[in-house]
Amino acid sequence: MSTMVPVTTDTLPSNIPKLDLKGTNWAIFSLRFQITVEAKDLWKQFDRSNPKPVGSPTQTGGTTTVSPPDPVALAQWQKYENLAKHLLTQRIPDSTALCVRNLPDVVAMWKEIVREYTEK
């Protein structure tokens, strides 16, 4: 009889180091972070393969209206988005977290972090 080990989705394992402010461990941080987030099936939030649900446009007599997105799909997307942001901010420097906190989504946050630490 085998025992399944649950994969917790809200924490990162200890083998993912905290990203050094100077970026000296960027290569290993980004590798381990991506592999772990992929294992949690959340990388789709980082590469935008799980886009935010939007409403459908409808044409009626020359007027275009947009219906709201499916509330269940939007709630599920928001849950994944919040979890992805939570994982990302666990191991980045506080100053970096403060710099990216107002970006619109985790895709933009990750792109900015990649840009900043690739240049260091």
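Structural data are supplied above this passage.
The rules behind the values
Residues numbered from 1 in each chain as written. Predicted model: local features only at pLDDT ≥ 70, side-chain atom pairs only at ≥ 80, totals over all residues. Heavy atoms only, no water. Core = buried A, V, L, I, M, F, W, Y, C linked by side-chain atoms within 4.5 Å. Buried < 20%, exposed > 50% of the residue type's maximum accessible area, 1.4 Å probe, protein only. Helix = DSSP H or I, 4+ residues; strand = E, 2+ residues; numbered from the N terminus. Contact = heavy atoms within 4.5 Å. Salt bridge = Lys/Arg side-chain N within 4 Å of Asp/Glu carboxyl O. Phe/Tyr/Trp six-rings, centres within 6.5 Å; stacked < 30°, edge-to-face > 60°. Lys NZ or Arg CZ within 6 Å of the ring centre and 35° of its normal.

Let us look at the nonpolar core. Generally speaking, a soluble globular protein has its nonpolar side chains buried in company with each other. Among the nonpolar cores identified, the biggest contains 22 residues, and Phe29, Phe33, Phe46, Leu88, Trp110 and Ile113 are the most heavily contacted of them. The set of elements that each furnish at least two residues to this core consists of α1 (26-39), α2 (43-46), α3 (71-90), α4 (94-100) and α5 (106-119). For this core, the element with the highest residue contribution is α5, accounting for 5 residues. Residues contacting Leu88, with those up to four places away along its chain left out, are Phe33, Phe46, Val106, Met109, Trp110 and Ile113.

The final tally for this structure, using the stated rule, is 4 salt bridges. For Lys44, the salt bridge goes to Asp41, with nearest N and O atoms at 3.3 Å. Ionic pairing is found between Arg115 and Glu112, a salt bridge with its closest N-O pair at 2.5 Å. One end of the pair, Arg115, and the other, Glu112, are both in helix α5, 3 residues apart, so they sit about a helical turn from each other. Owing to a relative accessible area of 40%, Arg115 belongs among the partly exposed residues under this scheme. The exposure class of Glu112 is partly exposed, given its relative accessible area of 26%. Within the structure, one salt-bridge network assembled from shared partners comprises Glu112, Arg115 and Glu119.

Quick look at the packing of aromatic side chains now. Each pair of aromatic rings is reported with the distance of its centres and the angle of its planes. Counted by the stated rule, this structure contains 9 aromatic pairs. Consider the rings of Trp26 and Phe29, whose centres lie 6.0 Å apart with planes at 35 degrees: the pair is tilted. You can see Trp26 and its partner Phe29 sitting in helix α1, 3 residues apart, about one turn around the helix. As far as the burial class goes, Trp26 and Phe29 line up, both buried. For the ring pair Phe33 and Trp110, a centre distance of 5.3 Å and an interplane angle of 25 degrees mean the geometry is stacked. Of the two residues, Phe33 is situated in helix α1 and Trp110 in helix α5; the sequence distance between them amounts to 77 residues. As far as the burial class goes, Phe33 and Trp110 line up, both buried. A network of ring pairs unites the aromatic residues Trp26, Phe29, Phe33, Trp43, Phe46, Trp110 and Tyr117 as a single cluster. One Lys or Arg, Lys44, reaches over the ring of Tyr80 and ends 4.6 Å from the middle of that ring.

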